Amino acid sequence: MMSIKKVQITFDCADPERVARFWCEVLGYVLPPVPEGFATWEEFQLSLPPERRGAAAVCMDPTGEGPRMYFQRVPEGKVVKNRVHLDVRVGAGLVGEERLAVLEAESARLVALGATRGQLLLADGVNESCQNMQDVEGNEFCLD
């Protein structure tokens, strides 16, 4: 049996383009190339039936190594805590005050982009410190 190593992460959301652009900024990802025959994504969107305009967006790792992220519009809003979330590894390998400083700097950058800061979980002897966050539509993620 073949081993699958590539995954796509899919987000249900109200405004796919807004959420995709947020995650592009968080991860250094990019929007995919505009479809052939169109000069811009806006031009492409206008070619779609009205009910499909803005219904989905994608962001991807420009190196091709990280997972593709797909954002799809859904009618219902977020109701409960995510059962799966992303850990954005900004402090990997760092400990103590150095780690806290990196978490704080990245948290401040993301808040300026529309994220919401949650609880800061301090190192406990088993786990290192991490910062709980929410993206522009309330999806939880951690700065780790």
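Here we summarise the structure given alongside this text.

Calculation criteria
Residues numbered from 1 in each chain as written. Predicted model: local features only at pLDDT ≥ 70, side-chain atom pairs only at ≥ 80, totals over all residues. Heavy atoms only, no water. Core = buried A, V, L, I, M, F, W, Y, C linked by side-chain atoms within 4.5 Å. Buried < 20%, exposed > 50% of the residue type's maximum accessible area, 1.4 Å probe, protein only. Helix = DSSP H or I, 4+ residues; strand = E, 2+ residues; numbered from the N terminus. Contact = heavy atoms within 4.5 Å. Pairing = 2+ DSSP bridges. Axes fitted to C-alpha atoms, helices over the stretch in contact; angles between N-to-C directions. Salt bridge = Lys/Arg side-chain N within 4 Å of Asp/Glu carboxyl O. Polar contact = N/O pair within 3.5 Å; in protein donor to acceptor, adjacent residues only side chain to side chain.

**Regarding the nonpolar core**
In terms of nonpolar packing, the biggest core is built from 22 residues, with Trp23, Met69, Phe71 and Phe141 touching the most fellow members. Among the elements of the structure, β1 (8-13), α1 (16-27), β2 (56-59), β3 (68-73), β4 (86-88), α3 (96-112) and β7 (140-143) are those that each provide at least two residues to this core. For this core, the leading source of residues is α1, giving 6 residues. For phenylalanine 141, the residues in contact, after removing those within four places along its chain, are Phe22, Trp23, His85, Leu86, Val88, Leu110, Gln131, Asn132, Met133, Gln134 and Asp135.

**Some details on the sheet that holds β7**
Here 4 strands make up an open sheet; going across it, the order is β4-β7-β6-β5 and the pairing mixed. Strand pairing shows two members of the sheet lacking a second neighbour, β4 and β5 (116-121), which therefore form its edges. The mean angle between the axes of side-by-side strands here comes to 25°, regardless of whether they run parallel or antiparallel. Docked against the sheet, α1 engages β4 and β7, running at close to 40° with respect to β4.

**Some details on the pattern of salt bridges**
A full pass over the atoms with the stated rule returns 6 salt bridges. Close ionic contact of arginine 21 with glutamate 17 constitutes a salt bridge, the shortest N to O distance being 2.9 Å. Within this pair, arginine 21 and its partner glutamate 17 are both found in helix α1, separated by 4 residues, close to a single helical turn. A relative accessible area of 38% means that arginine 21 is categorised as partly exposed. In this structure, lysine 78 and glutamate 140 form a salt bridge, with 3.1 Å as the shortest nitrogen-oxygen distance. Taken together, the positions of lysine 78 in the loop between β3 and β4 and glutamate 140 in strand β7 put the pair 62 residues apart, joining distant regions of the chain. The class of lysine 78 is partly exposed, set by a relative accessible area of 37%. Through salt bridges with shared partners, one network takes in Arg89, Arg99 and Asp144.

**Observations regarding the pairing of β7**
Because side chains alternate across β7, one face comprises the buried residues Glu140 and Cys142, and the other comprises Phe141 and Leu143, equally buried. Examined bridge by bridge, β4 and β7 share 3 bridges and lie parallel to one another. If you follow leucine 86 over to β7, its bridge partner there is phenylalanine 141. Relative to β7, strand β6 (residues 130-134) runs antiparallel, the two sharing 4 bridges. Paired with glutamine 131 across the bridge in β7 is leucine 143. Taking the residues between adjacent antiparallel strands as the criterion, β6 and β7 are bridged by 5 residues, where glycine 138 takes a positive phi near 90°.

**Some details on the side chain of asparagine 82**
Turning to its location among the elements, asparagine 82 is positioned in the loop between β3 and β4. For asparagine 82, a relative accessible area of 18% gives the class buried. At 3.5 Å, the side chain of asparagine 82 forms a polar contact with the side chain of lysine 78. In this view, asparagine 82 contacts Asn139 and Glu140; residues no more than four positions away in its chain are not counted.

**Quick word on the sheet that holds β1**
Read across the open sheet, the 3 strands follow the order β1-β3-β2; overall the sheet is mixed. Unpaired on one side and paired on the other, β1 and β2 mark the two borders of the sheet. Between one strand and the next, the sheet's axes are offset by a mean angle of 20°, whatever the strand orientation. Across 4 bridges, the pairing between β2 and β3 is antiparallel. Across the sheet, alanine 56 pairs through a bridge with glutamine 72, a residue of β3.

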